[in-house]
Amino acid sequence: MSSALVNNIISQGQQLATHSWEYGTFAEALLEWYNPSSSVFGDNAFPDGKIPVLQVDQTRSLSYVKPHISTNSDTLVDGDGAAGDPASLGVSAILIGQTQSDFLSAAERQVNHLLNDVPRYSNGAISHRESVAELWADFIYMAPPTLAYWAIQMKDVNLLSTAIQQCVLYRDVLGVPTNAKSAAGLFHHIIGPQSQDLGIWSTGNGWAAGGMSRVYATAKKSQFAGDSKIKSGMTQIKNIIRSILDGAIALDAAEPNEPLLRNYLNDTTWFGELSGTTMLTATAYRMAQLEPSTFGQKYTSWADTKREAITKKISSDGLLSPVINPLNWNDRTPATKSPEAQSFAVLMFAAYRDYSSKKAQ
């Protein structure tokens, strides 16, 4: 991993991002890469229990994302019908809001909109869509990390518990039982009346596991880590992440001649692709960094193998391919450009760097 290659990946990612969730995910990737100690995975995630104060114009992540954030709306950006996607900018808005109060107010409106206005599934899970109650695995990367981060801002243990429980409620609907014959422990993509997709989408499992790793890190680094309710919730999401990784690793091991995870993980008629593979690899490193006793050599050896396979597929100009078309997950033609894949690569390299430096200590 050369810094020149990562710089090229970042340049391509910045050019390609045009949708709400792409802005939010790219901003998170920039934060983890350039300001590792200030991300939720960092050593100084919450100095004195508070959100870190970063100078916006000197922080690449925040100066990048600031023009994309709306400060005069109930949501941080137009979600084009999605309730979850605008919340992907929430962590950025809260960080900017430490020095620019209108962004903090915007983040508060976004959180209140999620909690109070968005439809709920029958079990209480917040919908990923504004118009119907529908659960998408993608939501877990977009909304719960923002709810958890706002809980730190407000010193609100109940809201932190809500962020954790939203992950669990999503698993209760989307999760394949861990004793199932196929895809045990993995997530269906979408359940609901509008866009249902019961497939085991690789990128969706990446979104879910990656989002939960951020919620887990937020809780672990918070002043509430010792609270009994938070502790039991953290154990729940740690086990859900482990089940997703176990499911992916098992399906991967069944095909030793295919170096990448397939677009639909348990369907060998699909091509292997980089988006889902990269995000799940990033999550394995993050969990090994956070909980090395649970996520030991089985996970890190797998992540090392995947990282090497992924790196070989990144062109010298920084583009990842083959990737799934991020706007049509049923597109059988391997795509050559994906904004989220670019972000996932930055997240993976940041996670690998941070895991390696912790291991060396």
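Residues numbered from 1 in each chain as written. Predicted model: local features only at pLDDT ≥ 70, side-chain atom pairs only at ≥ 80, totals over all residues. Heavy atoms only, no water.

Is there a simple way to explain the packing of aromatic side chains in this structure?
Two descriptors summarise a pair of aromatic rings, namely the distance from one centre to the other and the angle between the planes of the rings. Applying the stated criterion across every chain yields a total of 12 aromatic pairs. The interplanar angle of 80 degrees and the centroid separation of 4.9 Å between the aromatic rings of Trp 207 and Phe 344 together place this pair among those described as edge-to-face. Placement of Trp 207 in helix H9 (residues 202–221) and of Phe 344 in helix H13 (residues 339–360) is noted, with a sequence separation of 137 residues between them. Comparing Trp 207 with Phe 344, the two get one shared label, buried. An aromatic cluster is defined as three or more aromatic residues linked by ring pairs; in this entry it consists of Trp 136, Trp 201 and Trp 329. (Phe/Tyr/Trp six-rings, centres within 6.5 Å; stacked < 30°, edge-to-face > 60°. Helix = DSSP H or I, 4+ residues; strand = E, 2+ residues; numbered from the N terminus. Buried < 20%, exposed > 50% of the residue type's maximum accessible area, 1.4 Å probe, protein only.)

I'm lost on the packing of helix H10 (residues 228–253) against helix H11 (residues 274–290) in this one. Help?
Between two packed helices, both the angle of their axes relative to each other and the distance between the axes serve to describe the pair. Running from N to C, H10 and H11 point in directions that differ by 130 degrees, and their axes come no closer than 11 Å. One finds that H10 runs oblique with respect to H11. The chirality of how H10 crosses H11 is left-handed. Residues Ile 241, Ile 244, Leu 245 and Ala 248 of H10 touch H11, and the partners they reach there are Leu 280, Thr 283, Ala 284 and Met 287. Class assignment for the residues of the contact of H10 with H11 results in seven nonpolar, one polar and no charged. (Axes fitted to C-alpha atoms, helices over the stretch in contact; angles between N-to-C directions. Parallel < 35°, antiparallel > 145°, perpendicular 65-115°, else oblique. Left-handed = near helix turned anticlockwise from the far one by under 90°. Contact = heavy atoms within 4.5 Å. Nonpolar A, V, L, I, M, F, W, Y, C, P; charged D, E, K, R; others polar.)

I would appreciate a short explanation of unusual backbone geometry in the present structure.
Note that the residue after Ser 321, namely Pro 322, is joined by a cis bond; omega there is 10 degrees. Of note, Pro 322 is situated in the loop between helix H12 (297–312) and H13. Here the phi dihedral of Asp 48 falls at roughly 55 degrees; this positive angle occurs in a residue that is not glycine. Along the polypeptide, Asp 48 turns up in the loop between helix H2 (20–34) and helix H3 (60–65). Positive phi, normally seen in glycine, also occurs at Ala 183, with a value near 65 degrees. Following the sequence through the fold, Ala 183 ends up in the loop between helix H8 (157–174) and strand E2 (190–191). On the basis of relative accessible area, Ala 183 is assigned to the buried category, the value being 8%.

I tried to follow the pattern of salt bridges on my own but got confused; where do I start?
Side chains bearing opposite charge may pair, as long as their charged atoms lie close to each other. Counted by the stated rule, this structure contains 10 salt bridges. Residue Arg 214 pairs with Glu 28 through a salt bridge whose shortest N-O separation is 3.3 Å. Here Glu 28 lies in helix H2 and Arg 214 lies in helix H9, a separation of 186 residues in the sequence. In terms of burial, Arg 214 and Glu 28 fall into one category: buried. As a salt-bridge pair, Lys 298 and Asp 246 come within 2.8 Å of each other at their nearest N and O atoms. Of this pair, Lys 298 sits in helix H12 while Asp 246 is found in helix H10, placing the two residues 52 residues apart along the sequence. Salt bridges sharing partners connect three or more residues here, namely Glu 32, Arg 286, Arg 353 and Asp 354. (Salt bridge = Lys/Arg side-chain N within 4 Å of Asp/Glu carboxyl O.)

What exactly am I supposed to notice about the environment of Asn 7 here?
Its place among the elements puts Asn 7 in helix H1 (residues 3–16). The class of Asn 7 is partly exposed, set by a relative accessible area of 36%. Separated by 41 residues in the primary sequence, Asn 7 and Asp 48 place their C-alpha atoms 33 Å from one another.

Quick question: what am I supposed to make of the side chain of Gln 342 here?
The residue Gln 342 is located in helix H13 in this model. Beyond its immediate sequence surroundings of up to four residues, Gln 342 is in contact with Ile 9, Gln 12, Gly 13, Leu 16, Gly 318, Leu 319 and Leu 320.

Looking at this structure, I do not really get H8. What am I missing?
Note on helix geometry: an α-helix contains 3.6 residues per turn, so any two residues three or four positions apart are oriented the same way. A rise of 1.5 Å per residue sets the reference length of H8, with its 18 residues, at 26 Å; its end C-alpha atoms lie 26 Å apart and thus fit the reference within 8%. Buried within H8 are the following residues: Leu 159, Leu 160, Ser 161, Ala 163, Ile 164, Gln 166, Cys 167, Val 168, Leu 169, Tyr 170, Val 173 and Leu 174. Residue Asp 156 occupies the N-cap position of H8, its side-chain oxygen lying 3.0 Å from the main-chain nitrogen of Asn 158. (Expected span 1.5 Å × (residues − 1). Polar contact = N/O pair within 3.5 Å; in protein donor to acceptor, adjacent residues only side chain to side chain.)

I keep staring at the nonpolar core and nothing clicks. Help me out?
Among soluble globular proteins, nonpolar side chains are generally buried collectively. If you look at the biggest cluster of nonpolar residues, it comprises 130 residues, and the most contacted ones within it are Phe 187, Met 212, Ile 237 and Ile 244. Discounting residues that sit within four places of it in the chain, Ile 244 has contacts with Gly 185, Leu 186, Phe 187, Asn 205, Ala 208, Ala 209, Met 212 and Leu 280. (Core = buried A, V, L, I, M, F, W, Y, C linked by side-chain atoms within 4.5 Å.)

Where do I start with the side chain of Gln 110 in this structure?
The topology assignment puts Gln 110 in helix H5 (residues 101–116). Engagement of the side chain of Gln 110 in a polar contact is seen with the backbone nitrogen of Leu 76, the distance being 2.9 Å. Residues in contact with Gln 110, not counting those within four places in the same chain, are Asp 74, Thr 75, Leu 76, Ala 83, Pro 86 and Ala 87.

What should I look at first to understand helix H7 (residues 144–154) in this one?
In terms of residue burial, H7 counts as a mostly covered element, since nine of its 11 residues are buried. Every buried residue of H7 is accounted for by Pro 144, Pro 145, Thr 146, Leu 147, Ala 148, Tyr 149, Trp 150, Ala 151 and Ile 152. Buried residues along H7 sit in contact with helix H4 (90–96), H5, helix H6 (139–142), H8 and H9. In the stretch just after H7, Lys 155 is the one whose phi turns positive, near 55 degrees.

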